[in-house]
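Coordinate inspection notes
Given next are the chains, with one letter for each unit.
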Amino acid sequence: SEVCVIASMESVEDVRALETRIQSLIADDGMEVRAFPAAWYNRLVDERFRVPIGDDASLCFLVLSHGAAFWDAVKRFVVASKQTRDPVDAFSASVFRRIEDELREFAAESVLECEFKDLIRREPKVLMQTMGHASGAARYYQVHDVCDPSDDEAMRTHFGDGAATKRRIGVAVHPRFGGWFAFRGVVVLPGVACPAEMQFSEPIDVLPDVDERARVIDEFNFRHVHTAWRDCIPVA
């Protein structure tokens with residue numbers, strides 16, 4: 001549906017100023033924020049996973065967490081709120097409410113990582129790893145970043161025997177924190193148009209070796225609980 005633009009960022013500097021405003025609000029919570037127009041994400045996904053608020057021009061802010069500061073913030077939240085059921089999701093929701101309140105003049109709305117459009121199939125509203133790539137926050141490595149998935153010989157070379165019969169999803173890697181981070185959600189300003197001059201920057205490629213990409217993808221898919229995939233780069 002058509003969105004009425006209620007405001008416009010006059011320049012990239014205006015976007016960065018708003019990004020800094022949000023960052024200062026959540027800095028003590030071990031979180032970071034990345035601004036991007038919805039179009040950068042929408043062009044990478046099927047229709048059903050497009051940002052459900054606003055349109056392609058809408059300004060979005062991806063929020064992710066990392067490090068001990070985040071877990072300290074969760075602990076403080078649990079002590080203060082006595083929230084023991086799904087404390088991480090509850091804390092994240094409280095942070096997004098804070099951001100929405102801070103940006104109420106822009107009619108900000110959020111989509112959290114823990115929200116599903118179909119609970120039975122656990123189909124998410126948006127694809128956070130893809131959004132991480134679109135925002136430039138973290139590079140999303142998929143099988144096609146290793147070799148052609150339709151080439152059985154190449155798949156065996158990089159992923160081992162029987163590789164073609166196993167389904168693998170991709171894995172996002174942060175340039176500073178490796179796998180030791182999590183996407184928490186996205187804040188959308190549906191009526192705020194992103195300036196046309198804002199340029200997409202490819203996320204940093206921290207795994208240039210294709211065999212290392214293959215190893216991390218397999219660790220993430222088949223040995224996820226062992227967390228070795230998270231240590232794919234030296235963590236800052």
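The following paragraphs examine the structure supplied in this document. This one's a predicted model, so the numbers in the text were calculated from it and none came from an experiment.

Within the chain one finds 7 helices and 9 strands. Against the 2.2 N^0.38 benchmark of 18 Å for 236 residues, the chain shows a C-alpha radius of gyration of 19 Å, consistent with a compact globule. When the backbone C-alpha atoms are referred to their principal axes, the chain occupies close to 55 × 45 × 40 Å. Of all 236 residues assigned to the chain, the portion counted as buried reaches 47%. Within the chain, contacts between residues at least 6 apart in sequence are counted, and of these 75% link residues at least 24 apart. For the chain, the accessible surface area stands at approximately 12,100 Å², while carbon and sulfur atoms represent 50% of it. Charge-centre separation for the chain: the mean point of 28 positive side chains lies 6 Å from the mean point of 39 negative side chains.

Counting residues in hydrophobic clusters, the biggest one holds 56 residues, and the most contacted among them are Tyr41, Leu59, Phe61, Leu103, Met131 and Leu189. Apart from residues lying up to four places away in sequence, Leu59 is in contact with Met9, Val15, Leu18, Ala35, Phe36, Val187, Val188, Leu189, Val192 and Cys194. Membership of the second largest hydrophobic core comes to 18 residues, among which are Val143, Met155, Val173 and Val216.

Below, the discussion takes up the environment of Leu25. Position of Leu25 relative to the elements: it lies in helix α1 (residues 12-26). In contact with Leu25, not counting residues within four places along its chain, are Arg98, Ile99 and Glu102.

Looking at where His66 falls in the secondary structure, it is placed in strand β3 (residues 58-66). Only 2.9 Å separates the side chain of His66 from the side chain of Glu32, close enough to count as a polar contact. Ignoring any residue separated from it by four or fewer positions in sequence, one finds His66 in contact with Gly30, Glu32, Phe177, Trp180 and Phe181.

Now for the packing of aromatic side chains. Two aromatic rings, taken as a pair, are described by how far apart their centres are and by the angle between their planes. For the structure shown, the criterion picks out 6 aromatic pairs. Plain terms: the ring middles of Phe181 and Phe183 are 5.0 Å apart, the flat faces sit at 90 degrees to each other, and that makes the pair edge-to-face. On the basis of relative accessible area, Phe183 is assigned to the buried category, the value being 8%. Linked through ring pairs, Phe70, Trp71, Phe77 and Phe91 together constitute an aromatic cluster. Arg43 extends its terminal NZ or CZ atom over the ring of Phe200, reaching a point 5.4 Å from the ring centre. Directly above the aromatic system of Trp180 lies the positively charged group of Arg230, at a separation of 5.3 Å from the ring centroid.

On to helix α4 (residues 87-102), then. For α4, built from 16 residues, the straight-helix expectation of 22 Å at 1.5 Å per residue is met to within 8% by its first-to-last C-alpha distance of 23 Å. Residues of α4 that are buried include every one of Val88, Ala90, Phe91, Ser92, Ala93, Ser94, Val95, Phe96 and Ile99, and no others. Buried positions along α4 lie against α1, β2 (31-37), β3, α3 (67-81), β4 (109-112) and β9 (181-193).

Tracing the sequence through the fold places Ile53 in the loop between α2 (38-42) and β3. Taking relative accessible area as the criterion, Ile53 reaches 12% and is therefore assigned buried. It is 9.5 Å that separates the C-alpha atoms of Ile53 and Gly191, two residues lying 138 residues apart in sequence. In this structure Ile53 touches Glu109, Ser110, Val111, Val188 and Pro190, once residues within four positions along its chain are discounted.

Turning to the side chain of Ser94, a few remarks are in order. For Ser94, the location among the structural elements is in helix α4. Relative accessible area serves as the criterion here: at 15%, Ser94 is assigned to the buried category. At a separation of 2.5 Å, a polar atom in the side chain of Ser94 contacts the main-chain carbonyl oxygen of Phe91.

As a further point, take the environment of Ile169. Turning to its location among the elements, Ile169 is positioned in the loop between α6 (152-159) and β8 (171-173). Since its relative accessible area comes to 35%, Ile169 is described here as partly exposed. Along the primary structure Ile169 and Phe220 are separated by 51 residues, whereas in three dimensions their C-alpha atoms are 8.5 Å apart. In this view, Ile169 contacts Ile217, Phe220 and Asn221; residues no more than four positions away in its chain are not counted.

The next point concerns unusual backbone geometry. Positive phi, normally seen in glycine, also occurs at Asp86, with a value near 50 degrees. Residue position: Asp86 is located in the loop between α3 and α4. Its identity as a non-glycine residue notwithstanding, Ala107 has a phi of 55 degrees, on the positive side.

Definitions and cut-offs
- Residues numbered from 1 in each chain as written.
- Predicted model: local features only at pLDDT ≥ 70, side-chain atom pairs only at ≥ 80, totals over all residues.
- Heavy atoms only, no water.
- Helix = DSSP H or I, 4+ residues; strand = E, 2+ residues; numbered from the N terminus.
- Rg over C-alpha atoms; globule rule 2.2 N^0.38 Å.
- Buried < 20%, exposed > 50% of the residue type's maximum accessible area, 1.4 Å probe, protein only.
- Contact = heavy atoms within 4.5 Å.
- Areas by Shrake-Rupley, 256 points an atom, 1.4 Å probe, with all protein chains shown as cover.
- Lys, Arg positive; Asp, Glu negative; His and termini not counted.
- Charge placed at Lys NZ, Arg CZ, Asp CG, Glu CD.
- Core = buried A, V, L, I, M, F, W, Y, C linked by side-chain atoms within 4.5 Å.
- Polar contact = N/O pair within 3.5 Å; in protein donor to acceptor, adjacent residues only side chain to side chain.
- Phe/Tyr/Trp six-rings, centres within 6.5 Å; stacked < 30°, edge-to-face > 60°.
- Lys NZ or Arg CZ within 6 Å of the ring centre and 35° of its normal.
- Expected span 1.5 Å × (residues − 1).

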